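Secondary and tertiary structure notes
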Amino acid sequence: MRDRPPTDPAWRSLTSPADVADALVGLYERRGSRHYDETVTQTEHALQCAARAIVDGADDETVAAAFLHDIGHLLMPEEGDDDSGDGVDRHHEQVGGRFLANWFGDGVVASVRLHVAAKRYLCAVDRRYHDGLSPASVQSLIVQGGPMSEPEVADFGSAAHREAAVDLRRWDDLAKVPGALTPTLHELRERLVAVLARP
Ligand SMILES: [Fe+2]
């Protein structure tokens, strides 16, 4: 599939697990060379995040969410992305979650939607987590609203799939190592097909 906006009906017309997985992987092949941060590309970041989920024994849906969690960045024009440096939060996690809900269930979608909230949550409850954030992550935290308030922490504590989202967030923060060994896009495609093929 050529580059199309996420609202294009051509995306929603994809129904077979193989076609959906091919289109998603194709998006990373075409747009994943964008920089995630100063150290790795979006595709390297996605594969490293999935690799950490696999090493930690996460289930297939959580591995898929780890791979796809930042797909919202790839769905936006590069100059209009959250990370374009203009200080505007375009909520890439919501863009990505809405897009993935065309084909995936809550086990994938909720973790993607919540991965920014999980960062704000961890910053509120874990000082060491906050202090360990990369400079780019500290900058985006400000744009994303900063650490959660007490009421927000209480709300997050009752959100479905919050534990998977917190796990994903911790892998996310570690998935920035130049040259790290990861599975290939083809291997991730096979995992996506397996998740998409489930009833
Ligand atoms: Fe990420």
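Everything below is about the structure shown above.
I will try to describe carefully the structure that is included in this document. What you see is a predicted model, and the numbers here were worked out from it, not measured in a lab.

About the thresholds
- Residues numbered from 1 in each chain as written.
- Predicted model: local features only at pLDDT ≥ 70, side-chain atom pairs only at ≥ 80, totals over all residues.
- Heavy atoms only, no water.
- Phe/Tyr/Trp six-rings, centres within 6.5 Å; stacked < 30°, edge-to-face > 60°.
- Buried < 20%, exposed > 50% of the residue type's maximum accessible area, 1.4 Å probe, protein only.
- Salt bridge = Lys/Arg side-chain N within 4 Å of Asp/Glu carboxyl O.
- Helix = DSSP H or I, 4+ residues; strand = E, 2+ residues; numbered from the N terminus.
- Core = buried A, V, L, I, M, F, W, Y, C linked by side-chain atoms within 4.5 Å.
- Contact = heavy atoms within 4.5 Å.
- Donors = N, O, S within 2.8 Å, 3.2 Å for Na, K, Ca; no water.
- Tetrahedral: all angles 85-135°; square planar, octahedral: opposite > 155°, others 65-115°.

**Topic: the packing of aromatic side chains**
Enumeration according to the criterion identifies five aromatic pairs in this entry. Pairing phenylalanine 99 with tryptophan 103 gives two aromatic rings, centres 5.1 Å apart and planes at 85°, and the pair type is edge-to-face. The exposure classification of phenylalanine 99 matches that of tryptophan 103, with both residues buried. Taken together, Trp11, Phe99 and Trp103 form an aromatic cluster joined through their ring pairs.

**Focus: the pattern of salt bridges**
Opposite charge on two side chains makes pairing possible when the charged atoms of those side chains draw close. Following the criterion strictly, the structure yields nine salt bridges and no others. One salt bridge in this structure joins aspartate 60 and arginine 191, with 3.6 Å as the shortest N-O distance. Placement of aspartate 60 in helix H4 (residues 60–68) and of arginine 191 in helix H12 (residues 185–196) is noted, with a sequence separation of 131 residues between them. Residue aspartate 60 is classed as partly exposed on the basis of its relative accessible area of 27%. A salt bridge links aspartate 60 to arginine 198, with the nearest nitrogen and oxygen atoms 2.8 Å apart. With a gap of 138 residues between them, aspartate 60 in helix H4 and arginine 198 in the segment after H12 connect regions that are remote in the sequence. With relative accessibility at 44%, the residue arginine 198 sits in the partly exposed group. In the salt-bridge network here, residues are joined through shared partners; they are Asp22, Arg189 and Glu190.

**Some details on the environment of arginine 30**
Tracing the backbone shows arginine 30 in helix H2 (residues 17–31). Given the relative accessible area of 32%, arginine 30 is considered partly exposed. Sequence-wise, arginine 30 and glutamine 94 are 64 residues apart; in three dimensions their C-alpha atoms are separated by 22 Å.

**Topic: the nonpolar core**
Core analysis: the biggest nonpolar cluster contains 41 residues, and Leu24, Phe67, Phe104 and Leu192 have the highest contact counts within it. Take this core: its biggest share by element is seven residues, from H2. The residues contacting leucine 192, other than those within four sequence positions of it, are Ala21, Leu24, Val25, Ala64, Phe67, Leu68 and Phe104. Ranked by size, the runner-up nonpolar core spans 13 residues in total, among them Ala117, Cys123, Leu133 and Ala159.

**With respect to the coordination of the iron ion**
Bound to the iron ion are the protein donor atoms His45 (NE2), His69 (NE2), Asp70 (OD) and Asp172 (OD), situated 2.2 to 2.3 Å from the metal. One can describe the site at the iron ion as irregular: its four donor atoms subtend angles covering 79 to 170° at the metal. Ordering the donors of the iron ion by residue number gives the pattern H-x23-H-D-x101-D. Within this pair, whereas histidine 45 is found in helix H3 (residues 42–55), its partner aspartate 70 is found in the loop between H4 and helix H5 (71–75), the two being separated by 25 residues in sequence. Grouping residues by exposure puts histidine 45 and aspartate 70 together as buried.

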